[in-house]
Amino acid sequence: MLEVIGLSKTFGGLKAVQDASLKVDRGEIVSLIGPNGAGKTTLFAMISGFLKPDSGSVRYGGRDLVGMKPHEICLIGVVRTFQVVQPFANLSVRENIAVGAHARIRSRADALGRAAEIGRRLGMGKMLDQPAGALTVAGRKRLELARALATGPDLLLLDEVMAGLTPTEVSEVVNLVRGIQEAGTTILLIEHVMQAVMSLSDRTYVLNQGRMIAEGTPKSITSTPEVIEAYLGHGAAARIAAQGGGGA
């Protein structure tokens, strides 16, 4: 469904992403993890058209997305959320979600109707007529997810949708994401909450200093020496092995 091949991006002297590749098959939930500053959001921005790579290709359904604009990529079914949620604070929750729906729906009434449907599906039915600026962090995260889902994506790119949430809120969003997958949307997610990564992912990629260093099931990658050292520092894998441990 999605194939990222050798993407690279440099900002001045900083090699943010270097020859990164990944693959997502239809129906999967695939996670992309790595330390802060690893290049994960830059990779998402290149996939979704917000940044143009210096080299490499992004193939979706056999079509190269490099050079396409974000709204064009949205219309063929690839949509991303943003780590920093910035709703239209003076609009209602319903109207914010309708902004996403307008990607495919011209009628205001129909877009608002679609927004209400999506909002109720994500547990926001009682919030629909509240101003978006009054939402909690958890509410804003749901709104960002709802707005993206309202565009009707086939592939949804989630950028730390669980960051800043309590354990209970994380569990609720995990269930929402699983429900979105079960309804037919494929998901690629960036996430630091390992509870969510372990629970949701069919496969996981690990990015560190712009390079892919591991790929496999969530369980298998947590015992990979390169992954342990990326998170815990040089020599950590050897220390853990000497102590008889096995996880990152």
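This is a predicted model, so every value here is computed, not measured.

Chemist: I'd like a description of the overall build of the chain, backed by residues and values.
Modeler: Across its full length, the chain carries 10 helices and 10 strands. Computed over its C-alpha atoms, the radius of gyration of the chain comes to 19 Å, within 12% of the 18 Å expected for a compact globule of 248 residues. Dimensions along the principal axes, computed over C-alpha positions, put the chain at roughly 60 × 40 × 35 Å. Each of the 248 residues in the chain was classed as buried or not, and the buried ones make up 50%. Taken together, the 27 basic and 23 acidic charged side chains of the chain have centroids lying 4 Å from each other.

Chemist: Explain the environment of Gly 6 residue by residue, including any values.
Modeler: With respect to the element layout, Gly 6 can be found in strand E1 (residues 2-11). The spatial distance from the C-alpha of Gly 6 to the C-alpha of Leu 207 is 13 Å, given a sequence separation of 201 residues. Setting aside chain neighbours within four positions, we find Gly 6 in contact with Asp 19, Ala 20, Ser 21, Ser 55 and Gly 56.

Chemist: Quick rundown of the packing of aromatic side chains? Include the residues and the values.
Modeler: Applying the stated criterion across every chain yields a total of 1 aromatic pair. When the centroid spacing of 5.3 Å and the interplanar angle of 85° are considered together, the rings of Phe 50 and Phe 82 count as edge-to-face. Highlighted residues: Phe 50 in the loop between helix H1 (40-47) and strand E4 (55-60) and Phe 82 in the loop between strand E6 (78-80) and helix H3 (93-101), separated in sequence by 32 residues. Given the relative accessible area of 43%, Phe 50 is considered partly exposed. The ring centre of Phe 50 lies 5.7 Å from the NZ or CZ of Arg 80, which sits over that ring. If you follow Arg 80 out to its NZ or CZ, it ends over the ring of Phe 82, 4.1 Å from the centre.

Chemist: For the nonpolar core, give the residues involved together with the corresponding values.
Modeler: Looking at soluble globular proteins, one finds that nonpolar side chains tend to be buried together. Counting residues in each nonpolar core, the largest one holds 39 residues, and the members touching the most others are Ile 97, Leu 122, Leu 156, Leu 158, Met 162, Val 177 and Ile 187. Contributions of two or more residues to this core are made by H3, helix H4 (108-121), helix H5 (137-149), strand E7 (155-159), helix H6 (167-182), strand E8 (186-190) and helix H7 (194-200). Here Ile 187 is in contact with Glu 28, Ile 29, Val 30, Leu 155, Leu 156, Leu 158, Val 177, Ile 180 and Gln 181, once residues within four sequence places are set aside. Residues Met 1, Leu 22, Val 58 and Ile 73 belong to the second largest nonpolar core, which totals 27 residues.

Chemist: Go over the sheet that holds strand E3 (residues 29-33), please, and point to the residues and values.
Modeler: Read from one edge of the open sheet, 6 strands run E6-E7-E8-E3-E9-E10, paired in mixed fashion. At either margin of the open sheet sits one strand with a lone partner, and together these are E6 and strand E10 (211-216). The mean angle between the axes of side-by-side strands here comes to 15°, regardless of whether they run parallel or antiparallel. Pairing between E3 and strand E9 (residues 203-208): 4 bridges, direction parallel. Counted as the bridge partner of Leu 32 is Tyr 205 from E9. Lying on the sheet, H1 is in contact with E3, E6, E7, E8, E9 and E10; it crosses E8 at an angle near 145°. In this fold H5 packs onto E6 and E7, with an angle of close to 160° to the strand it touches most, E7.

Chemist: Quick one: what's the story with the pairing of E1, residue by residue and with numbers?
Modeler: Pairing of E1 with strand E2 (residues 14-24) involves 7 bridges; the strand directions are antiparallel. Note on E2: the bridge partner recorded for Lys 9 is Val 17.

Chemist: Give a description of the side chain of Ser 201 that names residues and reports values.
Modeler: Mapped onto the secondary structure, Ser 201 falls in the loop between H7 and E9. Judged by relative accessible area, which is 10%, Ser 201 ranks as buried. Side-chain polar atoms of Ser 201 contact the side chain of Ser 31, separated by 2.8 Å. In this structure the side chain of Ser 201 is engaged in a polar contact, spanning 2.8 Å, whose partner is the backbone oxygen of Val 197. Sequence-distant contacts of Ser 201, defined by excluding residues within four places in its chain, comprise Ile 29, Ser 31, Ala 196 and Pro 218.

So, how was this worked out
- Residues numbered from 1 in each chain as written.
- Predicted model: local features only at pLDDT ≥ 70, side-chain atom pairs only at ≥ 80, totals over all residues.
- Heavy atoms only, no water.
- Helix = DSSP H or I, 4+ residues; strand = E, 2+ residues; numbered from the N terminus.
- Rg over C-alpha atoms; globule rule 2.2 N^0.38 Å.
- Buried < 20%, exposed > 50% of the residue type's maximum accessible area, 1.4 Å probe, protein only.
- Lys, Arg positive; Asp, Glu negative; His and termini not counted.
- Charge placed at Lys NZ, Arg CZ, Asp CG, Glu CD.
- Contact = heavy atoms within 4.5 Å.
- Phe/Tyr/Trp six-rings, centres within 6.5 Å; stacked < 30°, edge-to-face > 60°.
- Lys NZ or Arg CZ within 6 Å of the ring centre and 35° of its normal.
- Core = buried A, V, L, I, M, F, W, Y, C linked by side-chain atoms within 4.5 Å.
- Pairing = 2+ DSSP bridges.
- Axes fitted to C-alpha atoms, helices over the stretch in contact; angles between N-to-C directions.
- Polar contact = N/O pair within 3.5 Å; in protein donor to acceptor, adjacent residues only side chain to side chain.

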